[in-house]
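So you can see what is in the structure, the chains are spelled out below.
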Amino acid sequence: MNSMQVALRSEVRQLAEEAFQRKLISGHGDGPDNKEYQIVYQGKPRHLPLEQARFFLINLLYRSRIH
């Protein structure tokens, strides 16, 4: 894994932890592939590529602040 992926994984992990603390997701962790991240949303585990996981979490956190 290159340094760009390490930084992206770290950012995704931080966003997921914030979403978890706000009770927007019920779990998160590394996916089976090092290019994926697992997010448990509405009771369903989702294995997302890192970029997609980042986008999903940013949108989820943003929507929670508006509503």
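Note that the structure is predicted; figures quoted are calculated from it, not measured. (Residues numbered from 1 in each chain as written. Predicted model: local features only at pLDDT ≥ 70, side-chain atom pairs only at ≥ 80, totals over all residues. Heavy atoms only, no water.)

A short note on helix α1 (residues 3–21)
- A rise of 1.5 Å per residue sets the reference length of α1, with its 19 residues, at 27 Å; its end C-alpha atoms lie 27 Å apart and thus fit the reference within 8%.
- Of the residues making up α1, those classed as buried are Leu8, Arg9, Val12, Leu15, Ala16 and Ala19. Looking straight down α1, one finds its buried side chains confined to an arc of 130°; they lie on one side. Exposed side chains of α1 directed beyond 90 degrees from the buried face belong to Ser3, Gln14 and Gln21. (Helix = DSSP H or I, 4+ residues; strand = E, 2+ residues; numbered from the N terminus. Expected span 1.5 Å × (residues − 1). Buried < 20%, exposed > 50% of the residue type's maximum accessible area, 1.4 Å probe, protein only. Arc of directions from axis to C-beta.)

Regarding helix α2 (residues 50–66)
- Taking 1.5 Å of rise per residue, the 17 residues of α2 would be expected to cover 24 Å, and the 25 Å separating its terminal C-alpha atoms lies within 8% of that figure.
- The inward-facing, buried residues of α2 contact α1, β2 (36–41) and β3 (44–49). (Contact = heavy atoms within 4.5 Å.)

Concerning the sheet that holds β3
- Pairing is antiparallel across the open sheet formed by 3 strands, whose spatial order is β1-β2-β3. The sheet is open, and its two edges are formed by β1 (27–30) and β3, each paired on a single side. Neighbour to neighbour, the strand axes of the sheet diverge by 20° on average, direction disregarded.
- The pairing of β2 with β3 spans 6 bridges and is antiparallel. (Pairing = 2+ DSSP bridges. Axes fitted to C-alpha atoms, helices over the stretch in contact; angles between N-to-C directions.)

In short, shape yes, function no, at least from these values alone.
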